[in-house]
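Architecture and fold: a report
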Amino acid sequence: MTELSISGFHIDSNIEFNYKSNPKRNGCMAYKRYEEYSQANNIDDYLNITKDTKFGKADLRYDVEHFHLSLVKDGVILNQPQEQEQEQEQEQEQEQEHQMKEVKEDEFIEELDDIDDDFVMTETD
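Residues numbered from 1 in each chain as written. Predicted model: local features only at pLDDT ≥ 70, side-chain atom pairs only at ≥ 80, totals over all residues. Heavy atoms only, no water.

**Section: the overall build of the chain**
Rules: Secondary structure counts use DSSP, requiring at least four H or I residues in a row for a helix and at least two E residues in a row for a strand, with both numbered from the N terminus. For the exposure calls, accessible area comes from a 1.4 Å probe over protein chains only, and a residue counts as buried if that area is under 20% of its type's maximum, exposed if over 50%, partly exposed in between. Surface accessibility follows the Shrake-Rupley procedure with a 1.4 Å probe radius. Residue values consider only the protein chains on display as shielding.
A count of helices and strands for the chain gives 4 helices and 5 strands. Helices (α) and strands (β) of the chain occur, in sequence order from the N terminus, as β-β-β-α-α-α-β-β-α. Out of the 125 residues belonging to the chain, those deemed buried represent 26%. Total accessible area on the chain is roughly 9800 Å²; 44% of this is exposed by carbon and sulfur atoms.

Written out as structure tokens, the structure is:
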């Protein structure tokens, strides 16, 4: 049984590989390699497919770290991007709040402009 440690994950033959559709740029070497090794179901298959390439472990590390490859054990995804997703959600919420503040400020300024337009100074004797 093959065992390998990649990006803090202990990968053995019991870990299933689930690949996303090819995220690499079409036409580049990484795209071609991904097309080949993404057929692997586990580490044994992967190492067999990549045995003649110098990028095998580097590609695996990259795909694990960038979530192009899910490591699955007993139906549980081991390398979910939870922290990254939470950070992105928080950034999106902050951006939405910022946009709402800008809209409210713009509306307030428009109201002030309308009030200013309605206000006419007249001289009195």
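**Points about the sheet that holds strand β4 (residues 69-73)**
Defined as follows: Only strands joined by at least two bridges in the DSSP assignment are considered to pair. Only heavy atoms enter the contact rule, under which two residues are in contact if any of them lie within 4.5 Å. Geometry is summarised by axes, namely lines fitted to C-alpha atoms with helices restricted to the contacting stretch, and by angles between N-to-C directions that run from 0 to 180 degrees.
Strand order in this open sheet of 3 strands is β3-β4-β5, and the pairing throughout is antiparallel. The sheet is open, and its two edges are formed by β3 (16-19) and β5 (76-77), each paired on a single side. Here helix α3 (residues 56-65) sits on the sheet and contacts β3 and β4; the angle it forms with β4, its principal contact strand, is near 85°.

**Notes on helix α1 (residues 29-37)**
Inclusion rule: Our arc is simply the arc of the directions from the helix axis toward the C-beta atoms.
Residues Arg-33, Tyr-34 and Tyr-37 constitute the buried set of α1. Looking down the long axis of α1, one finds its buried residues gathered within 100° of arc, a one-sided arrangement. Considering only its buried residues, α1 is in contact with β3, α2 (43-50) and α3.

**What to know about the side chain of His-68**
Along the chain, His-68 turns up in the loop between α3 and β4. Exposure remark for His-68: the relative accessible area of 15% places this residue in the buried category. Excluding anything up to four places from it in sequence, His-68 contacts Asn-18, Tyr-19, Lys-20, Pro-23, Lys-24, Tyr-34, Tyr-62 and Asp-63.

**Observations concerning the nonpolar core**
This is how it is decided: As used here, the term nonpolar core means buried Ala, Val, Leu, Ile, Met, Phe, Trp, Tyr and Cys residues forming a set that is joined through side-chain atoms within 4.5 Å.
Within the largest apolar cluster, 15 residues are counted, with the highest numbers of intra-cluster contacts made by Ile-11, Phe-17, Tyr-19, Tyr-46, Leu-60, Leu-69 and Leu-71. Non-local contacts of Leu-71, meaning those with residues more than four positions away in its chain, are made with Phe-9, Ile-11, Ile-15, Glu-16, Phe-17, Val-64, Val-76, Ile-77, Leu-78 and Asn-79.

**Some thoughts on the confidence of the model for the chain**
Under the convention used in this document: The predictor reports its confidence for every residue as pLDDT, a score running from 0 up to 100.
Summarising the model, the chain shows a mean pLDDT of 84, and 86% of its residues fall at 70 or more. In the model of the chain, helix α4 (residues 82-118) stands out as the element of lowest mean pLDDT, 73, in contrast to β3, which has the highest, 95.

**Looking at the packing of aromatic side chains**
Short version of the rule: Whether two aromatic rings pair depends on their centres lying within 6.5 Å, for rings of Phe, Tyr and Trp, where Trp uses its six-membered ring; planes under 30 degrees apart make the pair stacked, over 60 edge-to-face, and the rest tilted. The rule for a charge over a ring is simple: NZ of Lys or CZ of Arg within 6 Å of the ring centre, and within 35 degrees of the ring normal.
All told, the structure shown has 6 aromatic pairs when counted by the stated rule. Both rings, one in Tyr-19 and one in Tyr-34, keep their centres 5.5 Å apart while their planes meet at 90°; by these two values the pair is edge-to-face. Residue Tyr-19 is found in strand β3, and its partner Tyr-34 is found in helix α1; the two are separated by 15 residues along the sequence. Taken individually, Tyr-19 and Tyr-34 each receive the classification buried, so the pair is uniform in this respect. Over the face of the ring belonging to Phe-55 we find Arg-33, whose NZ or CZ atom lies 4.2 Å from the ring centre.

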